[in-house]
Amino acid sequence: MSDSAARPSLAEVLASEPEDGRCDADPLAHYAEVTPRALAILNLGDCQKQLQRWREEPLRLAQAAKAVHLAMQAALTDALAGSTGLGAYSERLRAEYLAYFEESRTGEATPPAGDFVLPFPALLARAMAHPMEWSGRKLEVSQDELEALDRLTFIRHRVEHPRPQSHFIEPLFIALTLPVAARLTVELLDVCAHQYQEGERARVELSVAAISKLCQEID
């Protein structure tokens, strides 16, 4: 039996009766809902957890770098998306979606084929160059912070795209980058502060404070 045959469709899930007979049960409660915002918050927490284990397993530092870089990339996407959800796309793809929305009002239209957002450097450049819709502010990043983010991007690429050689990365080289990305991630999440769930902002602050403290202990 194929995966598609075994897996229920979304319509079937929504139409199914809850086992306990309750009408208020959420049929998607146990599904993984993936959003840029959720990924940003999740990976901030993961960065903290990886840092707490690095002395026993030094490779955890590389995982911490990957997690906080992904957190910031997801937060950039969340902050830039705006009310149309298109702000993290390239100018070309954004124009294609706007044309599609307009054509859909008057008849049948074919949606654009792609939905890939800009790569990290382009997302960062856009957030720094243009005020973001929900906050009306640009992201302020110093030259030293930009250099730290460049190093962090280098580390993430080495983790996500392994080469057939050994790479030895000095702990301090990593530790100097993580608090920068963590702090900027919070600033980006605050662009859409109205989307925080209860207690979520406090948990994010605790993770960022822990990341900074743990990195200060690395030499």
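Placed above this text is the structure.
As a convention, each chain's residues are numbered from 1 in the sequence order in which they are written. A pLDDT threshold of at least 70 governs which residues receive local features in this predicted model, and a stricter bar of 80 or more applies before side-chain atom pairs are shown or counted, although totals over entire chains, interfaces and linings include all residues. The side-chain figures draw on all heavy atoms in the structure; neither hydrogens nor water molecules are used.

A. Molecular detail of the packing of helix H4 (residues 60-81) against helix H6 (residues 120-129). Running from N to C, H4 and H6 cross one another at 50°; their axes reach a closest spacing of 10 Å. As judged from the angle between their axes, H4 and H6 are oblique. Once H4 is placed against H6, the crossing between them reads as left-handed. Of the residues in H6, those in contact with His69, Met72, Gln73, Leu76, Thr77 and Leu80 of H4 are Phe120, Leu123, Leu124, Arg126 and Ala127. Here the nonpolar group is Ala, Val, Leu, Ile, Met, Phe, Trp, Tyr, Cys and Pro; Asp, Glu, Lys and Arg are the charged ones; every other residue, Gly included, is treated as polar. Taken together, the residues of the contact of H4 with H6 break down into seven nonpolar, three polar and one charged. Every angle, taken between N-to-C directions, lies between 0 and 180 degrees, and every axis is a line fitted to C-alpha atoms, over only the stretch in contact when it is a helix. Secondary structure counts use DSSP, requiring at least four H or I residues in a row for a helix and at least two E residues in a row for a strand, with both numbered from the N terminus. In what follows, roughly perpendicular refers to angles from 65 to 115 degrees, roughly parallel to angles under 35, roughly antiparallel to angles over 145, and oblique to any angle outside these ranges. Each helix crossing is assigned a hand: it is left-handed if the near helix lies turned anticlockwise from the far helix by less than a right angle, otherwise right-handed if that turn is clockwise. In what follows, a contact means two residues having at least one pair of non-hydrogen atoms within 4.5 Å.

B. View of the packing of aromatic side chains. Only Phe, Tyr and Trp rings are paired, with Trp represented by its six-membered ring, and only when their centres lie within 6.5 Å; those with planes under 30 degrees apart are stacked, over 60 edge-to-face, the remainder tilted. Summed over all chains, the structure comprises three aromatic pairs. A centroid spacing of 5.4 Å and a plane angle of 15° characterise the contact between Tyr89 and Tyr97, whose relative ring orientation is stacked. Pairing Tyr97 with Phe101 gives two aromatic rings, centres 6.1 Å apart and planes at 45°, and the pair type is tilted. Here Tyr97 pairs with Phe101, and both are found in helix H5 (residues 91-106), just four residues apart, close to one helical turn. Three or more aromatic residues link up through ring pairs in this structure, and these residues are Tyr89, Tyr97, Tyr100 and Phe101. Whether a charge lies above a ring is judged from NZ of Lys or CZ of Arg, which has to be within 6 Å of the ring centre and within 35 degrees of the ring normal. The cationic tip of Arg37 hangs over the ring face of Tyr196; the distance from NZ or CZ to the ring centre is 4.5 Å. The cationic tip of Arg151 hangs over the ring face of Phe173; the distance from NZ or CZ to the ring centre is 5.6 Å.

Everything listed is a geometric property; what it means functionally is a separate question.
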